[in-house]
Amino acid sequence: QLQLVESGGGLVQPGGSLRLSCAASGFTLDYYAIAWFRQAPGKEREGVSCISRGGASTDYTDSVKDRFTTSRNNAKNTVYLQMNSLKPEDTAIYYCAAALACPTTTIRREFYYWGQGTQVTVSS
């Protein structure tokens, strides 16, 4: 069955770091751009980042672009989200999702596969 699986979430203090992983189960990740989304309690789902199939292009929402880095290792069939300088407002469930390419301001993309989410809690 085609599925994405996130891991690496947890509880961290403000200013700390976490690295999330997104691994494919049942298919090869190479063919897909991978985006990270997050949803905090009481808030709408928010796009966090996206990385192109080859990993050469990345995109971030403004609130994280100076702190988060997404990367991929296609040989390991895994995409990462390195989160540094974490803030309480980063607390959310983080999801990864696969599309044929990253969306832009003018081009929407369908995300075919989603993970179950991993909880990130930033609190002192």
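Overview of the structure. It should be emphasised that the depicted structure is a prediction, and the values quoted were computed from it without experimental measurement. (Residues numbered from 1 in each chain as written. Predicted model: local features only at pLDDT ≥ 70, side-chain atom pairs only at ≥ 80, totals over all residues. Heavy atoms only, no water.)

## A short note on unusual backbone geometry
Notably, Asn77 is not glycine yet its phi reads approximately 55°, a positive angle. Residue class for Asn77 comes out buried when judged on its relative accessible area of 17%. Non-glycine residue Ser85 carries a positive phi angle of around 50°. As for its position among the elements, Ser85 is in the loop between strand 8 (78-83) and strand 9 (92-99). (Buried < 20%, exposed > 50% of the residue type's maximum accessible area, 1.4 Å probe, protein only. Helix = DSSP H or I, 4+ residues; strand = E, 2+ residues; numbered from the N terminus.)

## What to know about the packing of aromatic side chains
In this structure the tally under the stated criterion is 7 aromatic pairs. Seen from their ring centres, Tyr32 and Tyr113 are 5.6 Å apart, and the 80° between their planes marks the pair as edge-to-face. Residue Tyr32 is located in the loop between strand 3 (18-25) and strand 4 (33-39), and its partner Tyr113 is located in strand 10 (residues 111-114); the two are separated by 81 residues in the primary sequence. Like Tyr113, Tyr32 is buried. Their ring planes at 90° and their centres at 5.1 Å tell us that Phe37 and Phe111 sit as a pair that is edge-to-face. Within this pair, whereas Phe37 is found in strand 4, its partner Phe111 is found in strand 10, the two being separated by 74 residues in sequence. Under the relative-accessibility criterion, Phe37 is labelled buried at 12%. Note on Phe111: relative accessible area 14%, which makes it buried. Pairwise contacts between aromatic rings join Phe27, Tyr32, Tyr112 and Tyr113 into one cluster. (Phe/Tyr/Trp six-rings, centres within 6.5 Å; stacked < 30°, edge-to-face > 60°.)

## Some thoughts on the layout of surface pockets
Its volume calculated, the largest pocket comes out at about 200 Å³. Lining the largest pocket we find 16 residues, and of these Gly47, Ser49, Cys50, Asp59 and Pro103 sit closest to its centre. Broken down by element, the residue count for the lining of the largest pocket peaks at 4 residues, all from strand 5 (residues 46-51). For the lining of the largest pocket, a count of residues per class yields 9 nonpolar, 5 polar and 2 charged. (1 Å grid on protein atoms, 1.4 Å probe; cavity = no way out; pocket = protein on both sides within 12 Å on 5 of 7 lines; lining within 4 Å. Points joined across faces, edges and corners; volume = space filled by probe spheres on them. Nonpolar A, V, L, I, M, F, W, Y, C, P; charged D, E, K, R; others polar.)

## Considerations on the environment of Thr78
If you trace the backbone, Thr78 turns up in strand 8. Judged by its relative accessible area of 10%, Thr78 is buried. Distance in space between the C-alpha atoms of Thr78 and Leu29 is 7.1 Å, their sequence separation being 49 residues. Those residues within four positions of Thr78 in sequence are excluded, and the remaining contacts are Ser21, Cys22, Ala23, Leu29, Arg72 and Asn73. (Contact = heavy atoms within 4.5 Å.)

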